[in-house]
Amino acid sequence: MPTPTPTFSALRPDWLSDPKVWRTEILAGLVVGLALIPEAISFSIIAGVDPAIGLFASFTMAVTISVVGGRRAMISAATGAVALVIAPLNREHGFGYLVAAVVLAGVFQIVLGALGVAKLMRFVPRSVMVGFVNALAILVFMAQVPEMHDVPWAVYPLIVGGLALMVFFPKVTKVVPAPLVSIVVLTTITVAAGIAVPTVGDKGELPSSLPVPGLPDVPFTWATLTTIAPYALAMALVGLMESLMTAKLVDEITDTHSSKTRESVGQGIANIVTGFFGGMGGCAMIGQTMINVRVSGARTRLSTFLAGAFLLVLCVVFGPVVSDIPMAALVAVMVMVCFATFDWHSVAPKTLKRMPAGEIVVMVVTVVCVVATHNLAIGVVVGTITAMVIFAQRVAHFTNVTSVTAPDGASVVHSVTGELFFASSNDLVTQFDYAGDPDRVVIDLSAAHIWDASTVAALDAITTKYEQRGKTVEIIGLNRPSAERYERLSGELSSTD
């Protein structure tokens, strides 16, 4: 029988047939769209470009990634990490080079995604992930501190009121997201009462027209490529790191799986599109993603798409209204996101007492590096390396040698137990009595595994030390992978005159 053609009802997204999901996604997209505006303007200032550039980048990133991304409900837009990377290029060479770097970064991300760079995420330990989340919450909170410093006194009660609304309003109803209610109520109060407080409009002028596609205004020469390539590669790596870590976090929150390879390629496509529209590029936004997923309860691509679409409509069509939103309202939303994002269980005294010291060190190192550098990617890399070093030291101590001498004293069997690699094999050489052992020595590796060339070199050194004393050495018990590695490398790792 021929395969039946899928009907439209089988192909359409689930949210089309569920009004409750439909409503949640739309309202979540509206809240995120509002929250994106001051962030995009701030990151534009960091990058040294016009605020419209950051806003357009947030629009194109969110809309494009909603289609091609691998993680549903995750928000991508202009980010501070990307802004920091490309700011020197814009300052030294101009905006055209910045745009060209964004396009090239997208190409790099597609290539890296196709090469399987996303698979490296499995090497990120849980302690690094916890540190990443906690550092994120701290950074988001620190970003709000300037908005609470040297401001009119009315800002403080507005922030407190906004937080109170977001805490207590969900107890009344969850039909409308509490952050949206908080923004609307605080805006109404400040406008109606004529309270003079910093507003979104104070951050910069909102665009009044749609973005227009075009090619980067740079000479298409080798010199241009060599100028932008280092910045593009750095942007690609930082963007992928933040995006994949955010995707992993959303996976855990929603208890669903996402395609990290598709997300990597999708980030590249989104940056290429953004570059051709004259945007500053970007990656996943963790704070706004938490608003979308954890605070607003969004779960589909619709919320991501609408976050970008609402952002553009709010800026172009409702610019004067959006400009009147008090920054205190958005600060309250982001502070609430901080408290919701921080893993309080990880720092509870009961947890810290049970947690291995190495795990705590890794978490703290990750947090400190991120907060000190304001770069989530650096913190993750340093934290992962720290975890690997601690793991290597821990495993190295598991290697043990037990010796049994034959009754007639003519031979000895040294049984080696543990994982043999660079950290443990160096100590292995010192665990044999080369002068006192009998003439026949057997090294039994049945309970061990050879992982690297360092171990083969160590075994060669042991054999050589015995042979120099006129003794014979036999290595037995190698499992298949270890035997293949030993046979291939033994005698080839040291030069002879």
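Report on the accompanying structure. Here the residue numbering is sequential within each chain, running from 1 through the sequence in written order. With pLDDT at 70 or above as the cut-off, local features in this predicted model cover only qualifying residues; side-chain atom pairs require 80 or more to be listed or tallied, and sums for whole chains, interfaces and linings still use all residues. Side-chain numbers come from the whole structure's heavy atoms, not from hydrogens or water.

When DSSP finds at least two bridges between two strands, those strands are taken to pair. Labels follow the DSSP assignment, with helices taken as runs of H or I lasting at least four residues and strands as runs of E lasting at least two, numbered in each case from the N terminus. Reading across the sheet, the four strands line up as β3-β4-β5-β6 and stay open at both edges, with mixed pairing between neighbours. At either end of the open sheet lies a strand with only one pairing partner, and these are β3 (400–405) and β6 (472–476). For this sheet, the mean inter-axis angle between neighbouring strands, taken without regard to orientation, is 20 degrees. In terms of strand pairing, strand β5 (residues 440–450) meets β6 through five bridges, oriented parallel. For D444, the partnering residue across the bridge sits in β6 and is I476. Relative to β5, helix α20 (residues 480–489) is tilted by about 120 degrees, and along the sheet it contacts β5 and β6. Only C-alpha atoms enter the line fits that serve as axes; for helices the fit covers just the stretch in contact. Angles between N-to-C directions range over 0 to 180 degrees. In this analysis, two residues are considered to be in contact whenever any of their non-hydrogen atoms come within 4.5 Å of each other.

With that out of the way, let us pick up helix α7 (residues 155–172). Given the number of residues in a helix, its expected span is that number minus one, multiplied by 1.5 Å. Relative to the 26 Å expected for 18 residues at 1.5 Å per residue, α7 spans 26 Å between its end C-alpha atoms, a close match to the ideal helical length. At every residue, the bend is computed as the angle between two fitted axes, covering the seven residues ending there and the seven beginning there respectively. The largest bend along α7 reaches roughly 30 degrees and is located at M166, with the proline P170 sitting one to four residues downstream. Every buried residue of α7 is listed here: V155, L158, I159, G162 and M166. Buried means the residue's accessible area, taken with a 1.4 Å probe over protein chains only, is under 20% of the maximum for its type, while exposed means over 50%, and partly exposed covers the values in between.

Taking 1.5 Å of rise per residue, the 19 residues of helix α6 (residues 126–144) would be expected to cover 27 Å, and the 28 Å separating its terminal C-alpha atoms lies within 8% of that figure. Among the 19 residues in α6, 14 count as buried, and that is most of the element.

For this document, the term salt bridge refers to a Lys or Arg side-chain nitrogen within 4 Å of an Asp or Glu carboxyl oxygen. The full count for this structure, using the stated rule, is five salt bridges. Here R71 ties to D251 by a salt bridge, and the two come within 2.6 Å at their closest N and O atoms. Residue R71 is found in the loop between α3 (51–68) and β1 (76–77), and its partner D251 is found in helix α9 (residues 222–254); the two are separated by 180 residues along the sequence. With a relative accessible area of 5%, R71 lands in the buried category. Residue D251 is classed as buried on the basis of its relative accessible area, which comes to 11%. Measuring nitrogen to oxygen at the nearest pair gives 2.9 Å for the salt bridge that ties R440 to E474. Note that R440 is positioned in strand β5 and E474 in strand β6, a separation of 34 residues in sequence. Residue classification places R440 among the partly exposed residues on the basis of a relative accessible area of 39%.

Remark: helix α2 (residues 19–47) packs on α3, axes separated minimally by 7 Å, with the N-to-C direction vectors making an angle of 125 degrees. Between α2 and α3, the angle is such that the two are oblique. As α2 packs across α3, the resulting crossing turns out to be right-handed. Each of I37, A40, I41 and S44 in α2 lies in contact with α3, whose residues at this interface are P51, I53, G54, L55 and S58. Classification used: nonpolar for Ala, Val, Leu, Ile, Met, Phe, Trp, Tyr, Cys and Pro, charged for Asp, Glu, Lys and Arg, polar for all others including Gly. For the contact of α2 with α3, the class distribution of residues is six nonpolar, three polar and no charged. Put simply, angles under 35 degrees are roughly parallel, angles over 145 are roughly antiparallel, angles from 65 to 115 are roughly perpendicular, and the rest are oblique. In a left-handed crossing the near helix is turned counterclockwise from the far helix by less than a right angle, and in a right-handed crossing that turn is clockwise.

Treat this as a map of the structure, not an account of what it does.
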